[in-house]
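Letter by letter, the chains look like this.
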Amino acid sequence: MAFLNSLPERPVAPRASFEELAVALGGPLPDAPQDPLSIVLDLSARLEPGVAATAGPRYFGFVTGGSYPVALAADWLVSTWDQNAALHVMSPGMSALEACTARWILDLLGLPEQASVGFVTGAHTANVTALAAARHEVLRRARWDVEALGLQGAPPLTVIAGEEVHSSIHAACRMIGVGSRTIMRVATDAQGRMRPDALEWALSATSGPTIVCAQVGNVNTGACDPLVEIGQLTRENGAWLHVDGAFGLWAAASPAYRGLVTGLSDADSWTTDGHKWLNVPYDSGIVIVRHPAAHRAAMSQAASYLPPGQGEQRDGSDWAPESSRRARAVPIYAVLRMLGRSGLADLVDRCCRLAVRMADRLWSTTGVEVLNEVVLNQVLVRFSSPSGQNVTDQVIAAVQAAGVCWCGGTMWAGTPAMRISVSNWRTSEDDIDRSAASMLESFGRVKAT
C-alpha cells in the first residue's frame, strides 16, 4: 500500500543503477535458513530503488497500463489459490471462469461467438499462437499435416505484412518455422497503415498457402489498417487474415472509436494484451481464433494421464502453448465485471482524449512537431533546435532524468522521435499538463545548451 500510495508523486524513473542494485541484492547465498518476514521487508527496501513507476499515471512508455485495484486483488487470489489452469480436471473453477471471460471478450469486441480464446503471457505469445493456427489451416487446405510432418517438404507458405508490422510478428514467424526474412513486406501510408493497392499486388504475385498480417494500433502512431479492403482482398485470394491489436483491438469496445476497426470481425484471428489498455497486472495476453479446430490442432496435446474435459468443460491448454498455466483470466474477469460495457468504453475514450490534450499542449511551442494523426492513445513527437537539428534523443534523456514522467524513443521516417502512450487508468488531465510542462522545460534546457 505504501508503494501504491506513492505512485502519484514518486519519481517515475528508477533511482538506482544496475550496478548499485546488484551490490545491494548480491553476496553469497546464506548457509542457513532466514526469517521469511525479514526477507520480504529487506527485499522491498533493497529493490524498490530500482523499480520504475510503470503503474503510475505519468508513465507513457511502451504502451504500458497500470493495474486497477480490483485486478491486483484478483491477482493475489490467483497466487493464493495457485491453480494450474491447463485442464478442467485440475481446476473446474478456472475452467468455468475462463469460459465466461472468453464469452465476455468476444461480445465486447464484436467478434464471432464461436471463436476460441486463449489466455497467454502477452501479445507476442498470442501472435505465435495465432500464426501457428493459421499455419495449420492454410497447410491443411493444401493437404499437408504440419503438426505431424513439420515443414520439411511442405508447400511453400507466404506471410504478407505491412512495412510497419510490429516486431513480434517477425519473432512469431521465426518461432513457427517460417522465418522473418521471408515475410513479404508491402507499402504503408504516411501513418503506417497498410496500403490495399500494395497488398493487392503482393497477393497477385504469390500463390499457395498465404497468411496476411494486418494491425490495429500502430505502435508509434496508433493508426489502424483499413480492414474492410484488406479483408476483401484476403478472402478473394483464399488467404488467412490475422489482426495484431496489442492495444488497438480495444477500440472495438468504444462506440466512439469502433469505426477505426470496421471490418475487424471478418478476420480469422486476433491478438491483444490485457496488461496494456485493460490495466491488469503483467503478464496478460489474449489470442482469438475464428476456427477453433485449427487453434486446437496447433496447440493441444494428448497423453493417457491428461484426461480431456467433457462437453462444455474447458481445457485452457488447448488454446495456449503452455501446459503449466497461471490463471491469467481471473484479473481480466474482475476488471471486465467492474467496468462493464460502458466503463470499458469510457476508459478507451478518456485515454484518447488525454492523448489529444498532450498533443495540443506540445504543439504550442516552436520547435515541437507532432508527427502523427492522434487517432487513439499514441502521440509521436519530434523536437528540433532553432538551427533545425533533431534534438529529440537529448530531450528524452532530460525528461527521464527530471522524473516527472517517462517517455521512450523510436525511429520514424528515418529520424528519432519521442513516443507517448496514454494507457493508464490513473492518468488525469493534471498528469498530462504536468508531463507536457516537464517535456517543454526539458526541451528548453536542451536548447540552452
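Now for a look at the structure at hand.

Cut-off values and rules
- Residues numbered from 1 in each chain as written.
- Predicted model: local features only at pLDDT ≥ 70, side-chain atom pairs only at ≥ 80, totals over all residues.
- Heavy atoms only, no water.
- Pairing = 2+ DSSP bridges.
- Helix = DSSP H or I, 4+ residues; strand = E, 2+ residues; numbered from the N terminus.
- Axes fitted to C-alpha atoms, helices over the stretch in contact; angles between N-to-C directions.
- Parallel < 35°, antiparallel > 145°, perpendicular 65-115°, else oblique.
- Left-handed = near helix turned anticlockwise from the far one by under 90°.
- Contact = heavy atoms within 4.5 Å.
- Nonpolar A, V, L, I, M, F, W, Y, C, P; charged D, E, K, R; others polar.
- Buried < 20%, exposed > 50% of the residue type's maximum accessible area, 1.4 Å probe, protein only.
- Right-handed = clockwise from strand over helix to strand, strands pointing away.

## Quick word on the sheet that holds strand E1 (residues 116–120)
Read across the open sheet, the seven strands follow the order E1-E7-E6-E5-E4-E2-E3; overall the sheet is mixed. Of all the strands in the sheet, the pair left with one neighbour each is E1 and strand E3 (184–186). Taken pair by pair, the neighbouring strands of this sheet meet at an average axis angle of 20°, ignoring direction. Two elements, strand E4 (residues 210–215) and strand E5 (residues 240–244), share five bridges in a ladder whose sense is parallel. Residue pairing for E5: Ile211 is matched across the bridge by Trp240.

## Digging into the packing of helix H2 (residues 18–25) against helix H3 (residues 36–47)
Between H2 and H3, whose axes approach to 10 Å, the crossing angle comes to 160°. In terms of orientation, H2 and H3 fall into the roughly antiparallel class. As for how H2 packs across H3, the hand of that crossing is right-handed. Residue-level contacts link Leu21, Ala24 and Leu25 of H2 to Leu43, Arg46 and Leu47 of H3. A breakdown of the residues in the contact of H2 with H3 according to their chemical character gives five nonpolar, no polar and one charged.

## Looking at the pairing of strand E2 (residues 158–162)
Most of E2 sits inside the fold, with five of its five residues counted as buried. Burial of the side chains of E2 extends over both faces: Thr158, Ile160 and Gly162 are buried on one face and Val159 and Ala161 on the other. Relative to E4, E2 runs parallel, the two sharing four bridges. Looking at the pairing, Ala161 lines up with Cys213 of E4. Examined bridge by bridge, E2 and E3 share three bridges and lie parallel to one another. Following the sheet pairing, Ala161 is matched in E3 by Arg185. Where the polypeptide runs from E2 across helix H8 (residues 167–175) and back to E3, its parallel neighbour, the crossover connection is right-handed.

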